[in-house]
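Chain by chain, the residues:
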Amino acid sequence: MYGYEDVTGSLIQSYSICKRQVWLMAHQIIPDQEHPYIEMGRLIDDISYDRDRKKINFENVVIDLVRNDNGNLLVGEIKKSSKALDSARLQLLFYLYKLKQNGIEAKGQLFFPEERKKIDVFLTSELEAGVVSVINEIRDIINMDKAPAFKKIPYCKNCGYKEFCLS
Ligand code: SF4
């Protein structure tokens, strides 16, 4: 039985894209690591924002970047593209929520180095309620006996599970 603590930032990010992907990831089904999208993500991860980088890691949460922003804690997520902005925003809100649960107030910022773009993210009480409801829904999905049925969506062509789902 999966619980609240099994909900990770990666699952939160997948939730906005595909519920089947959420289940596959949670059940340790390994995506195709050579998929170009994943490779590109890794490369950007390696080369961007090296100067500021301080990964922090707690309770299944790995935060890309932490900065002191005029005395306030700023946590950042670095993304390849702003096309999946909603899912990136939700992931960062989840991190802000987890930090808050641990007594740490922070503001968030999404970084899109290829597009030279930054977007501020704040955890309002309304957004916090949304994060809690997504966590509960993810817990329900990953506790299902089988993955949600395959339904082709535009994202499939970029997904590491493409071979798995289409075979
Ligand atoms: S290939 Fe498509 S259906 Fe399968 S996990 Fe990826 S996005 Fe979801």
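Residues numbered from 1 in each chain as written. Predicted model: local features only at pLDDT ≥ 70, side-chain atom pairs only at ≥ 80, totals over all residues. Heavy atoms only, no water.

**Details of the nonpolar core**
Here is step 1: Ile12 and Ile138 are the most contacted members of the largest nonpolar core, which has 33 residues in total.
Here is step 2: The set of elements that each furnish at least two residues to this core consists of helix 1 (9–15), helix 2 (19–26), strand 2 (61–69), helix 4 (85–101), strand 4 (107–112), strand 5 (117–121) and helix 5 (125–142).
Here is step 3: For this core, the leading source of residues is helix 4, giving 9 residues.
Here is step 4: Excluding residues within four positions of it along the chain, Ile12 makes contact with Val7, Leu90, Gln91, Phe94, Val134, Ile135 and Ile138. (Core = buried A, V, L, I, M, F, W, Y, C linked by side-chain atoms within 4.5 Å. Buried < 20%, exposed > 50% of the residue type's maximum accessible area, 1.4 Å probe, protein only. Helix = DSSP H or I, 4+ residues; strand = E, 2+ residues; numbered from the N terminus. Contact = heavy atoms within 4.5 Å.)

**Overview of the packing of aromatic side chains**
Geometrically, a pair of aromatic rings is defined through the distance of the ring centres and the angle of the planes.
Here is step 1: According to the stated counting rule, one finds 1 aromatic pair in the structure shown.
Here is step 2: Over the ring of Tyr15 we find Lys19, and its NZ or CZ is 4.2 Å from the ring centre. (Phe/Tyr/Trp six-rings, centres within 6.5 Å; stacked < 30°, edge-to-face > 60°. Lys NZ or Arg CZ within 6 Å of the ring centre and 35° of its normal.)

**Notes on empty space enclosed by the protein**
Here is step 1: Counting across every chain of the model gives 1 cavity of 30 Å³ or more.
Here is step 2: Its boundaries defined by the atoms lining it, the largest cavity holds a volume of some 110 Å³.
Here is step 3: In terms of lining residues, the largest cavity is bounded by 13 residues, among which Cys18, Cys156, Cys159, Tyr161 and Cys165 are the most central.
Here is step 4: Elements with a minimum of two residues in the lining of the largest cavity: helix 2 and helix 6 (162–166).
Here is step 5: Here the lining of the largest cavity takes 3 residues from helix 2, the largest share from any one element.
Here is step 6: For the lining of the largest cavity, a count of residues per class yields 9 nonpolar, 1 polar and 3 charged. (1 Å grid on protein atoms, 1.4 Å probe; cavity = no way out; pocket = protein on both sides within 12 Å on 5 of 7 lines; lining within 4 Å. Points joined across faces, edges and corners; volume = space filled by probe spheres on them. Nonpolar A, V, L, I, M, F, W, Y, C, P; charged D, E, K, R; others polar.)

**Remarks on helix 2**
Here is step 1: Across the 8 residues of helix 2, 6 count as buried, placing the element largely inside the fold.
Here is step 2: Those residues of helix 2 not exposed but buried are Arg20, Gln21, Val22, Trp23, Leu24 and Ala26.
Here is step 3: Against helix 1, helix 5 and helix 6 lie the buried residues of helix 2.
Here is step 4: Positive phi appears at Gln28, one or two residues downstream of helix 2, with a value of about 60 degrees.

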